[in-house]
Amino acid sequence: TELANPEDPGAGGGFNRTLEPQTARSFELGLRGVVGTRVNYEASLFRARIDDAITSFEVPEFSGSGRDFFRNAGRSTRNGLELAATARLGENWRLRGGYTYSDFEFDRFVTPDGDFGGNRLPGVPRHRGFGSLDWTGPAGLYAGADLRGVSEVVADNANTAAASEYFSLDVHLGRDFTAGSLDLGLSAGIANLFDERYIDNVRVNAFGGRFFEPAPGRTFHLRIQVRRAAG
């Protein structure tokens, strides 16, 4: 699909002979460790220089089909930081968290649509984070809350359209137990507890400004699981 010819999209078998392979030089430095007996952590720094990065775009003839075509960007640099940690808070509580910083930019990228050198790469938020708090109790009871946060995401090479930042909170409660010869699991939860309005998916460089696909609003779910007990 990457090699389809955007100059003759209706030909079916048209071959894009101008598309070159992308090459990358990347460096990464990471560490992981334990603090006492309750905290585990990981961290990494990375830098990548991409030449002729393969990027997607749409053409008017296929604007309603969702089909993408591809071309090379001249050069881009991608710097980033990733952090993650897990902590035990007593016997029943566990706290997890993570954060990613992504500074991705075109160094050189000229197309028939313009010169995008110095712009951010579309589709990648600069900041992304998550946190979760989990509790396990007696008799198979458990509960938890998950928080996600994402910063603004640009949708096109020109950086003229962007999805706004958002935070979303999910909560759940459940119990696993045995009844006779059956293992049972019951749980219920609410996704997007505060009914946040946000974009779930960004279609990069979509034709006609059709960049954004909305996420569901507040959603309730119930799970019932029945299995024959082992043995």
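The coordinates are above.
Owing to the predicted nature of the structure, the values given are computational and were not obtained by experimental measurement. (Residues numbered from 1 in each chain as written. Predicted model: local features only at pLDDT ≥ 70, side-chain atom pairs only at ≥ 80, totals over all residues. Heavy atoms only, no water.)

K.L.:
Help me understand the pairing of strand S3 (residues 69–89) in this model?
P.N.:
Put simply, side chains in a regular strand alternate between the two faces of the sheet. With 18 bridges connecting them, strand S2 (residues 39–57) and S3 associate as antiparallel partners. Note that in S3 the partner of Arg-49 across the bridge is Thr-77. Two strands pair when backbone bridges link them, and S3 and strand S4 (residues 93–108) are joined in this way by 15 bridges, in the antiparallel orientation. Among the inter-strand pairings, Thr-86 is bridged to a residue of S4, identified as Arg-96. Taken together, S3 and the strand that follows it, S4, pair antiparallel across an intervening segment of three residues, in which Gly-90 is found at a positive phi of about 80°. (Pairing = 2+ DSSP bridges. Helix = DSSP H or I, 4+ residues; strand = E, 2+ residues; numbered from the N terminus.)

K.L.:
Which parts of the structure should I look at to understand the nonpolar core?
P.N.:
For soluble globular proteins, the rule of thumb is that nonpolar side chains tend to be buried together. The biggest cluster of nonpolar side chains holds 11 residues, and these are Val-150, Val-153, Ala-155, Ala-161, Ala-163, Tyr-166, Tyr-198, Val-202, Ala-206, Phe-211 and Ala-215. If near-sequence neighbours (up to four positions away) are discounted, Ala-155 is found in contact with Pro-122, Ala-161, Ala-162, Val-202, Arg-203, Val-204, Asn-205, Phe-211 and Phe-212. Of all hydrophobic cores here, the second largest spans nine residues; its members include Ala-48, Ile-50, Ala-53 and Phe-116. (Core = buried A, V, L, I, M, F, W, Y, C linked by side-chain atoms within 4.5 Å. Buried < 20%, exposed > 50% of the residue type's maximum accessible area, 1.4 Å probe, protein only. Contact = heavy atoms within 4.5 Å.)

K.L.:
What is the right way to read the sheet that holds S3 from this model?
P.N.:
To summarise the sheet geometry, strands pair through backbone hydrogen bonds and adopt either a parallel or an antiparallel arrangement. Here nine strands make up an open sheet; going across it, the order is S1-S2-S3-S4-S7-S8-S11-S12-S15 and the pairing antiparallel. Two strands in the sheet have a free side with no partner beyond their single neighbour: strand S1 (23–35) and strand S15 (219–228). Going across the sheet, the axis of each strand differs from the next one's by a mean of 15°, ignoring polarity. Relative to strand S11 (residues 166–179), strand S8 (residues 141–150) is paired through 10 bridges, and the arrangement is antiparallel. Across the sheet, Leu-141 pairs through a bridge with Arg-175, a residue of S11. (Axes fitted to C-alpha atoms, helices over the stretch in contact; angles between N-to-C directions.)

K.L.:
Looking at this model, I keep getting lost on the environment of Gly-98. Mind explaining?
P.N.:
Mapped onto the elements, Gly-98 comes out in strand S4. Owing to a relative accessible area of 17%, Gly-98 belongs among the buried residues under this scheme. Between the C-alpha atoms of Gly-98 and Arg-128, which are 30 residues apart in sequence, the distance is 8.3 Å. Leave out the neighbours within four places in its chain, and Gly-98 touches Leu-83, Ala-84, Arg-128, Gly-129 and Phe-130.

K.L.:
Honestly, a nonpolar patch on the surface in this entry has me stumped. Any pointers?
P.N.:
A cluster of nonpolar side chains, namely Leu-182, Leu-186, Leu-222, Ile-224 and Val-226, defines an oily patch on the protein surface of about 490 Å² accessible area. For the nonpolar patch, the secondary-structure elements that each account for two or more residues are strand S12 (182–191) and S15. At three residues, the largest contribution of residues to the nonpolar patch is made by S15. (Patch = residues over 30% accessible without salt bridge, like charges linked within 9 Å, V, L, I, M, F, W, Y side chains within 5 Å. Areas by Shrake-Rupley, 256 points an atom, 1.4 Å probe, with all protein chains shown as cover. Salt bridge = Lys/Arg side-chain N within 4 Å of Asp/Glu carboxyl O.)

K.L.:
How should I be thinking about the pairing of S15 in this particular structure?
P.N.:
Little of S15 is tucked away, with zero of its 10 residues classed as buried. Relative to S15, S12 runs antiparallel, the two being bridged by 10 bridges. Paired with Gly-189 across the bridge in S15 is His-221.

K.L.:
Please clarify how the side chain of Thr-55 should be interpreted in this entry.
P.N.:
Looking at the secondary structure, you find Thr-55 in strand S2. With residues up to four places along the chain from it excluded, the contact list for Thr-55 reads Phe-69, Phe-70, Arg-71, Ala-73, Phe-106 and Phe-109.

K.L.:
So what exactly am I meant to see when it comes to the side chain of Asn-157 here?
P.N.:
Relative to the elements of secondary structure, Asn-157 occurs in the loop between strand S9 (153–154) and strand S10 (162–163). Excluding anything up to four places from it in sequence, Asn-157 contacts Phe-106, Phe-109, Phe-116, Asn-119, Pro-122 and Asn-205.

K.L.:
Help me understand the pattern of salt bridges in this model?
P.N.:
When their charged atoms lie close together, side chains carrying opposite charge are able to pair. Scanning the model with the defined rule gives nine salt bridges in all. In this structure, Arg-94 and Asp-134 form a salt bridge, with 3.4 Å as the shortest nitrogen-oxygen distance. Here Asp-134 lies in strand S7 (residues 127–136) and Arg-94 lies in strand S4, a separation of 40 residues in the sequence. Assessed through its relative accessible area of 28%, Arg-94 is described here as partly exposed. The closest approach of N and O atoms between Glu-152 and Arg-120, which form a salt bridge, is 3.4 Å. Pair noted here: Glu-152 is in the loop between S8 and S9 and Arg-120 is in the loop between strand S6 (114–115) and S7, with a separation of 32 residues, a long-range link.

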